[in-house]
Amino acid sequence: MNPEEDHPVSDLTIEGFAVRADLAYDLERHMWVADRDDGRLRVGMDTLGVETSGTLAHLDFVDVGTVLERGEPFGTLEAEKFVGPLVAPVAGVVVAVNTAVTDDPGVVEREPFDGGWMIEISPSAGATDIAELVRGVDAITERFRARVAEYRRDGVLAE
Amino acid sequence: MPPTDHLRVADFGTVSPLRSQTLWHAIADGVSAGGPPTLSFLRPRRPYVSIGYHRRMSEVDVDECARRGWPVYRRMVGGGPVYLDDGQLFFQITVPMRAVPPSRPRALRWLLAPVIDAYRAVGVDAEIDDRLEIVVGDRKVCGYGAGQIGDAAIVVGNLIETFDHDAAAAVLRVPSPEARAELARLMRRYVAATPADPAAFRDAAIAAFAARLAVEPRAGELTGTELTRLDELDRRFVDPAWLAGPDRPAPAAWQVKVRAGVFAFAASDGRTTIMAGVDGGRLVGVRLSDPTLNGATAAVQSSLLGLDLASAATTLENSGAGGRRLSSLLRLAEPRRS
């Protein structure tokens, strides 16, 4: 998987939300995943996740070296005095955490795709979960738009 | 929708400080495992301090707590360090995560709306303000924290029948006696007790949450699995490693939130000191110390009252070398932390 080979780097705006088409997404968990040249996967929160979290107050990540299954917590987030887990979009070993965002969670709100990355994972050998991520301009646009529509229909987001 | 046809109601009465934390954590595990949504109530037998999941222990004056014999426990939900005693009736609403909106602000409003109904049923004209604080006028009347524990969402809050503002200020670490006095002043100004009938509040909350969840309330107790979990939690909560919490760098300045949007702030570089109270981004109290201000201190302090933080910093920059030092210190204030 290398979105940069399949699609040019491009910034999209979908239903008012900034989306990067060169990333892959787990839209259930509101996480983006980026390939790194060294085989690592960089993970961050998508803009819909940022919007529905409220004002971020605290972030905390598991230690480097932690082995994660897809769906397991890789950290915790506190916003609006509400603590909840950050959930891994892919399985692997945590090889780096971004202390810039634990020191200042506002970075995630200001730069969700750049300085706001959260952890880097060395993916498990043979893992198939990476293939389940949403990638490509068309798929990302369709699925992201559907998610926003669902949230607006359910009153999670304002119309 | 909840998976069962009833709301379990568990009133634990008066319990130890430790159990006033671990009981509802055990319930959260039970609800996460498929148990019914649960509304619980309890009151701590004696004073203690609870600190939020992410917060630094250095925010608590542990020496003062030890001197008074007040234990400190770390909870798994959010918010800051708080003082608790038997003048506060605590409630906890615990529901499956799938029952709440997938947006924290919306989830909180959804879970707190029945609390507002309960307040109004006992004659307290409470509301949820734009900052998600439960208030009467501009005064906070309910402290709450929330979290996801497993697959359960929980909100913990209190009916404040009486509130010891001085004790609440005493358990927090402060940089100076003046800062503690300012903190206590802000607490008295912005945190209020609502001495309502606790039994009536409880009954109204039961009715309101049952209506919210569209189920019947039913008295219940902990399950065997929850009791086992309770024992585990009793041990975890007194484990120093759990109490220590995450290792986080200390902020550059001291800051304590009193209610959403209101905080006490102090910073010093060893030579110059600033202490302030801030409400809605504007200074409502200022105390400055710098050797170069000489006799101008009082006038400069007065000129800052009512200014927003950025304007106050700019004003200080135009007040000589000392003012520039004070301005740099004031810029360490972080309104987003409030």
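Keep in mind it's a predicted model, so treat the numbers as computed, not measured.

## Section: the overall build of chain B
Here's step 1: Helix and strand counts for chain B come out as eleven helices and 16 strands.
Here's step 2: Relative to the 2.2 N^0.38 estimate, which gives 20 Å for 338 residues, the radius of gyration of chain B is 22 Å and therefore close to what a compact globule would have.
Here's step 3: In terms of its C-alpha atoms, chain B occupies a principal-axis envelope of roughly 70 × 40 × 35 Å.
Here's step 4: The proportion of buried residues among the 338 residues of chain B is 45%.
Here's step 5: When contacts within chain B are restricted to residue pairs at least 6 apart in sequence, those whose partners lie at least 24 apart make up 70%.

## Quick notes on the environment of Pro44 of chain B
All names here are of chain B.
Here's step 1: Residue position: Pro44 is located in strand S2 (residues 38-44).
Here's step 2: Classification of Pro44 as buried rests on a count of 21 C-beta atoms within 10 Å.
Here's step 3: Once the C-alpha coordinates of Pro44 and Val60 are considered, the two residues, 16 residues apart in sequence, prove to be 19 Å apart.
Here's step 4: If we ignore the near neighbours within four places in the chain, the residues touching Pro44 are Val15, Pro17, Ser20, Leu84, Asp85 and Asp86.

## Observations concerning the confidence of the model for chain B
The predicted coordinates ought not to be read in detail in places where the model reports low pLDDT.
Here's step 1: The predicted model of chain B has a mean per-residue pLDDT of 95, with 99% of residues at 70 or higher.
Here's step 2: Across the interfaces of the predicted complex, the ipTM metric reaches 0.89, alongside a pTM of 0.92.

## Quick look at unusual backbone geometry
Residues and elements named next belong to chain A.
Here's step 1: Of note in this structure, Glu80 is not a glycine but carries a positive phi near 55°.
Here's step 2: Examined against the element boundaries, Glu80 turns out to sit in the loop between strand S8 (73-79) and strand S9 (82-87).
Here's step 3: Within the chain, Lys81 stands out as a residue other than glycine whose phi angle is a positive 60°.
Here's step 4: When you line up the elements, Lys81 lands in the loop between S8 and S9.
Here's step 5: In this structure Lys81 comes out as buried when scored by C-beta crowding, with 25 C-beta atoms within 10 Å.

## Remarks on the packing of helix H10 (residues 309-317) of chain B against helix H11 (residues 320-330) of chain B
Think of two packed helices as two axes; the pair is described by the angle between the axes and how far apart they sit.
All names here are of chain B.
Here's step 1: For the pair H10 and H11, interaxial distance at closest approach is 7 Å and the crossing angle is 160°. By the criterion of interaxial angle, the relationship of H10 to H11 is roughly antiparallel. Our pair here, H10 against H11, has a crossing hand that is left-handed. Only Gly323, Arg324, Leu326, Ser327 and Leu330 of H11 make contact with H10, whose side of the interface consists of Leu309, Ala312, Ala313, Leu316 and Glu317.

## Considerations on the interface of chain A and chain B
Here's step 1: With 20 residues of chain A at the interface, the matching set in chain B holds 22 residues.
Here's step 2: Listed by contribution, the elements that provide at least two residues to the side of chain A that touches chain B are helix H2 (47-53), strand S6 (56-61), S8 and S9 of chain A.
Here's step 3: Taken together, the residues of the side of chain A that touches chain B break down into five nonpolar, nine polar and six charged.
Here's step 4: Two strands pair when backbone bridges link them, and S9 of chain A and strand S10 (residues 144-149) of chain B are joined in this way by two bridges, in the parallel orientation. Across the sheet, the residue bridging to Val83 of chain A is Gly147 of chain B, located in S10 of chain B.

## Describing the nonpolar core
The tendency in soluble globular proteins is for nonpolar side chains to be buried side by side.
Here's step 1: Counting 88 residues, the largest nonpolar core has Val33 of chain A together with Ile154 and Ala205 of chain B as its most contacted members.
Here's step 2: Sequence-distant contacts of Val33 of chain A, that is, excluding residues within four places in its chain, are made with Leu23, Ala24, Leu41, Val43, Pro89, Val90 and Leu133 of chain A.
Here's step 3: Counting residues in each nonpolar core, the second largest holds 45 residues, with Phe163, Ala264, Leu283 and Leu304 of chain B among its members.

## Digging into the sheet that holds strand S9 (residues 139-142) of chain B
Here's step 1: Taken in spatial order, the three strands make up an open sheet running S7-S8-S9 (chain B), and their pairing is antiparallel. Each of the sheet's edge strands pairs with one partner strand only, and the pair in question is strand S7 (127-128) and S9 of chain B.

## Describing the sheet that holds strand S6 (residues 88-96) of chain B
Here's step 1: Across the sheet, nine strands lie side by side as S6(A)-S8(A)-S9(A)-S10(B)-S11(B)-S6(B)-S2(B)-S1(B)-S12(B); this open sheet has mixed pairing. Among the strands making up the open sheet, the edge pair consists of S6 of chain A together with strand S12 (216-219) of chain B. Strand-to-strand twist in this sheet, taken as the mean axis angle between neighbours without regard to direction, amounts to 20°.
Here's step 2: Summarising the sheet, strand S1 (residues 6-15) of chain B and S12 of chain B pair through four bridges and their orientation is parallel. Pairing of Arg8 of chain B across the sheet is with Arg218 of chain B, part of S12 of chain B.

## Concerning the environment of Ser319 of chain B
Residues and elements named next belong to chain B.
Here's step 1: You can see Ser319 is positioned in the loop between H10 and H11.
Here's step 2: A tally of 21 C-beta atoms within 10 Å means that Ser319 is categorised as buried.
Here's step 3: Measuring from C-alpha to C-alpha, the distance between Ser319 and Thr162 comes to 44 Å, with 157 residues separating the pair along the chain.

## Topic: helix H6 (residues 198-213) of chain B
All names here are of chain B.
Here's step 1: Here H6 spans 22 Å end to end across 16 residues, near enough to the 22 Å set by a 1.5 Å rise per residue.
Here's step 2: Every buried residue of H6 is accounted for by Phe201, Ala204, Ala205, Ile206, Ala208, Phe209 and Leu213.
Here's step 3: The first or second residue beyond H6 is Ala214, which carries a positive phi of 60°.

What counts and what doesn't
- Residues numbered from 1 in each chain as written.
- Chains lettered and ligands numbered in written order.
- Predicted model: local features only at pLDDT ≥ 70, side-chain atom pairs only at ≥ 80, totals over all residues.
- Helix = DSSP H or I, 4+ residues; strand = E, 2+ residues; numbered from the N terminus.
- Rg over C-alpha atoms; globule rule 2.2 N^0.38 Å.
- Buried ≥ 20, exposed ≤ 12 C-beta atoms within 10 Å, placed from the backbone.
- Contact = placed C-beta atoms within 7 Å.
- pLDDT = per-residue confidence, 0-100.
- Axes fitted to C-alpha atoms, helices over the stretch in contact; angles between N-to-C directions.
- Parallel < 35°, antiparallel > 145°, perpendicular 65-115°, else oblique.
- Left-handed = near helix turned anticlockwise from the far one by under 90°.
- Nonpolar A, V, L, I, M, F, W, Y, C, P; charged D, E, K, R; others polar.
- Pairing = 2+ DSSP bridges.
- Core = buried A, V, L, I, M, F, W, Y, C linked by C-beta atoms within 7 Å.
- Expected span 1.5 Å × (residues − 1).

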